[in-house]
Amino acid sequence: MAQQLVDQGAEKFFQEAFALGGLRIVGSKQVDAETSELTFEPLPGESATVKFHRENNGWVMAP
């Protein structure tokens, strides 16, 4: 999923991701104070883990 974001660019990635109808968060892990990982289930039985990091008082998806 993270590689798709890099390959497609954010606009196209999120247009296609929202076409799925939603993503379910099935797990989370705080890596350190500035990094977190979320595991999503885009379709039943499939999962993808995406890293996020703090930036400008918010969280952004890491490439």
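Further up the page is the structure itself.
Residues numbered from 1 in each chain as written. Predicted model: local features only at pLDDT ≥ 70, side-chain atom pairs only at ≥ 80, totals over all residues. Heavy atoms only, no water.

Q: How would you sum up unusual backbone geometry? Please name residues and give values.
A: Even without a glycine there, the phi angle at N56 is positive, about 55 degrees. Assignment of secondary structure puts N56 in the loop between strand 3 (48-55) and strand 4 (58-61). Judged by relative accessible area, N56 falls into the exposed class, the value being 72%. Even without being glycine, N57 reaches a positive phi, approximately 65 degrees. Along the polypeptide, N57 turns up in the loop between strand 3 and strand 4. We classify N57 as exposed; its relative accessible area is 86%. (Helix = DSSP H or I, 4+ residues; strand = E, 2+ residues; numbered from the N terminus. Buried < 20%, exposed > 50% of the residue type's maximum accessible area, 1.4 Å probe, protein only.)

Q: So what's going on with the pattern of salt bridges? Which residues, and what values?
A: This structure, assessed with the given rule, holds 2 salt bridges. Between R24 and E41 there is a salt bridge; the shortest N-O distance is 3.1 Å. Taken together, the residues span a long stretch of sequence, with R24 in strand 1 (residues 24-32) and E41 in strand 2 (residues 35-41) at a distance of 17 residues. Two residues, E37 and K51, come together in a salt bridge whose shortest N-O distance is 3.9 Å. Residue E37 is found in strand 2, and its partner K51 is found in strand 3; the two are separated by 14 residues along the sequence. (Salt bridge = Lys/Arg side-chain N within 4 Å of Asp/Glu carboxyl O.)

Take it as geometry only, folks, not as evidence of what the structure does.
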